[in-house]
Amino acid sequence: VQLQASGGGLVQAGDSLRLSCAASGIIISTYNTGWFRQAPGKEREFVGAISWSSTRTSYADSVKGRFIISRDNAKNTVYLQMNSLKPEDTAVYYCAADPSRAFRVPGHSYEYQFWGQGTQVTVSS
């Protein structure tokens with residue numbers, strides 16, 4: 001099983017980025033998929049998640065209204081669209097897959113079984 005996160009980069013405040021999480025070895029549409037981030041010196045935090053059925057999403061308050069999670073089942077990929085980026089969004093972003101049929105709100109890292117390697121997002125002011 002492999003989750004490949006990509007799409008990070010260096011942008012300015014107010015810009016947008018779209019992160020991708022491409023899965024292999026699993027059918028990502030059968031997993032709740034979450035995004036987490038970890039800034040230097042801070043603990044990993046929940047960003048948002050989409051249920052395996054794609055009927056529910058959940059977001060951290062800090063990104064609500066700016067970030068959107070979506071799926072492309074044909075590509076076995078989950079996306080994190082990040083708009084109106086702020087310097088405080090700077091972090092390594094990880095995608096993760098949870099095989100549970102329950103969609104827990106908010107998500108916790110210990111609920112997720114498979115993890116991607118992370119992609120760096122840096123937002124300059």
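Residues numbered from 1 in each chain as written. Predicted model: local features only at pLDDT ≥ 70, side-chain atom pairs only at ≥ 80, totals over all residues. Heavy atoms only, no water.

K.L.:
Go over unusual backbone geometry with me, naming the residues and quoting the values.
P.N.:
Omega for the peptide link from Val105 to Pro106 comes to -10°, which places this bond in the cis form. Tracing the backbone through its elements, the reader meets Pro106 in the loop between strand E9 (91–98) and strand E10 (114–115). The phi dihedral of Ser54 is positive, around 65°, even though this residue is not glycine. For Ser84, which is not a glycine, the phi torsion comes out positive at approximately 50°. Residue position: Ser84 is located in the loop between strand E8 (77–82) and E9. Overall, the relative accessible area of 41% leaves Ser84 in the partly exposed class. (Helix = DSSP H or I, 4+ residues; strand = E, 2+ residues; numbered from the N terminus. Buried < 20%, exposed > 50% of the residue type's maximum accessible area, 1.4 Å probe, protein only.)

K.L.:
Tell me about the layout of surface pockets, and please be specific about residues and values.
P.N.:
The computed volume of the largest pocket comes to approximately 150 Å³. Lining the largest pocket are Arg37, Gln38, Ala39, Lys42, Glu43, Glu45, Ser62, Arg66, Lys86, Glu88, Asp89 and Thr90. Grouping the constituent residues of the lining of the largest pocket by class yields one nonpolar, three polar and eight charged. (1 Å grid on protein atoms, 1.4 Å probe; cavity = no way out; pocket = protein on both sides within 12 Å on 5 of 7 lines; lining within 4 Å. Points joined across faces, edges and corners; volume = space filled by probe spheres on them. Nonpolar A, V, L, I, M, F, W, Y, C, P; charged D, E, K, R; others polar.)

K.L.:
Hey, could you go over the nonpolar core for me, with residue numbers and the actual values?
P.N.:
Leu3, Ile26, Trp35, Phe67, Leu80, Met82 and Tyr93 are the most contacted members of the largest nonpolar core, which totals 30 residues. The set of elements that each furnish at least two residues to this core consists of strand E1 (2–6), strand E3 (17–24), strand E5 (45–50), strand E7 (67–72), E8, E9 and strand E11 (119–124). Sequence-distant contacts of Phe67, that is, excluding residues within four places in its chain, are made with Arg37, Val47, Tyr59, Leu80, Gln81, Met82, Asn83, Leu85, Asp89 and Tyr93. One finds Phe36, Ala49, Ala96 and Tyr112 within the second-largest nonpolar core, a separate group that totals six residues. (Core = buried A, V, L, I, M, F, W, Y, C linked by side-chain atoms within 4.5 Å. Contact = heavy atoms within 4.5 Å.)

K.L.:
Describe in detail the pattern of salt bridges, supporting the description with residues and values.
P.N.:
For side chains bearing opposite charge, pairing can occur when the charged atoms are close. A full pass over the atoms with the stated rule returns six salt bridges. Between Arg104 and Asp98 there is a salt bridge whose closest N-O contact spans 3.0 Å. Note that Arg104 is salt-bridged to Glu111, the shortest N-O span being 3.6 Å. With relative accessibility at 34%, the residue Arg104 sits in the partly exposed group. For Glu111, a relative accessible area of 13% corresponds to the buried category. Taken together, the shared-partner salt bridges in this structure form one network comprising Arg37, Glu45, Arg66 and Asp89. (Salt bridge = Lys/Arg side-chain N within 4 Å of Asp/Glu carboxyl O.)

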